[in-house]
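If you want the building blocks of each chain, they are given just below.
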Amino acid sequence: MLRVVLAEDSVLLREGLVGLLERFGHRVLAAVGTADELTAAALEHRPDIVVTDVRMPPGFSDEGLRAAVALRERLPGLPVLVLSQYVQRAYAEDLLDASDGTGVGYLLKERIGHVEEFADALRRVSEGATVVDPEVVRQLIRRRRDPLARLTAREVEVLALMAEGRSNASVAEALHVGEGTVSKHFGSILVKLGLDVSDATNRRVLAVLAFLRG
């Protein structure tokens, strides 16, 4: 069971999300409609995860995202899952830049309709994973630039799947190859991106960040 603080200005969607979260056995500590209420609720309840819309009153620009980033600074390690109506590359980058890519997710709202996928993303983000919506990944692939130009087509596929928050086993299953092959591809990716960090988890996060910025 996760203790959740939820922020969504649409009453219908907010109530729907509350019901969905409770259906999966989670406890919604607060369900609010503004960025200020989100900040207050998160600081009061210290939840296991925050789920928030990007655009919130009063300006309906990026208030929810900015509140989430500020909360990460005040509550280090707080998992945050951000929901967006459209693919906004800058929003995804801002969230990842502010958090080093750990325990954060960026999903399109349409993903909520894929109930099991949404629940899985929520769980993985709460456990410290980075989860990026597959549609965001696909659009970024089409716009990729150096240093990703040095990667082979298969290496880009591997990195794209990792950016969705998949494990090596899940990547291997999606590509119909062995985990050892995925590990070899990832090693090649690290070399080509010039990443030399001792901790394997940090290398993975840095590689995903390079992909999203590329």
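Quick caveat: nothing in here was measured; it's all calculated off a predicted structure.

**Q** How would you summarise the sheet that holds strand β6 (residues 130–132) if you had to cite specific residues and measurements?
**A** Within a beta sheet, neighbouring strands are joined by backbone hydrogen bonds and run either parallel or antiparallel to one another. Taken in spatial order, the six strands make up an open sheet running β2-β1-β3-β4-β5-β6, and their pairing is parallel. Of all strands in the sheet, those bounded by a partner on one side alone are β2 (27–32) and β6. Across the sheet, the mean angle separating the axes of adjacent strands is 15° when strand polarity is ignored. As defined by bridge partners, strand β1 (residues 3–7) adjoins strand β3 (residues 49–53) across four bridges and the pair is classed as parallel.

**Q** Please set out the packing of helix α2 (residues 35–45) against helix α3 (residues 63–74) residue by residue, giving values where relevant.
**A** As a packed pair, α2 and α3 sit with axes 9 Å apart at the nearest point and diverge in direction by 25°. By the angle between their directions, the pair α2 and α3 is classed as roughly parallel. The chirality of how α2 crosses α3 is right-handed. Seen from α2, the contacting residues are A35, L38, T39, A42 and L43; seen from α3, they are E63, G64, A67, L71 and R74. Taken together, the residues of the contact of α2 with α3 break down into six nonpolar, two polar and two charged.

**Q** I'd like to hear about α2, residue by residue, with values.
**A** Two residues of an α-helix separated by three or four positions point the same way, owing to the 3.6 residues in each turn. Listed in full, the buried residues belonging to α2 are A35, L38, A41 and A42. Down the axis of α2, the buried set is contained in an arc of 125°. They therefore lie on one face. Away from its buried face by more than 90 degrees, α2 exposes D36 and E44. Taken from the residues just after α2, R46 is the one with a positive phi, measuring 50°.

**Q** Account for the environment of A129, with residues named and values stated.
**A** Among the secondary structure elements, A129 is positioned in the loop between α5 (115–126) and β6. Counting along the chain gives 26 residues from A129 to G103, while the straight-line C-alpha distance between them is 4.9 Å. In this structure, A129 is in contact with T102, G103, V104 and R124, ignoring residues within four places of it in sequence.

Analysis parameters
- Residues numbered from 1 in each chain as written.
- Predicted model: local features only at pLDDT ≥ 70, side-chain atom pairs only at ≥ 80, totals over all residues.
- Heavy atoms only, no water.
- Pairing = 2+ DSSP bridges.
- Helix = DSSP H or I, 4+ residues; strand = E, 2+ residues; numbered from the N terminus.
- Axes fitted to C-alpha atoms, helices over the stretch in contact; angles between N-to-C directions.
- Parallel < 35°, antiparallel > 145°, perpendicular 65-115°, else oblique.
- Left-handed = near helix turned anticlockwise from the far one by under 90°.
- Contact = heavy atoms within 4.5 Å.
- Nonpolar A, V, L, I, M, F, W, Y, C, P; charged D, E, K, R; others polar.
- Buried < 20%, exposed > 50% of the residue type's maximum accessible area, 1.4 Å probe, protein only.
- Arc of directions from axis to C-beta.

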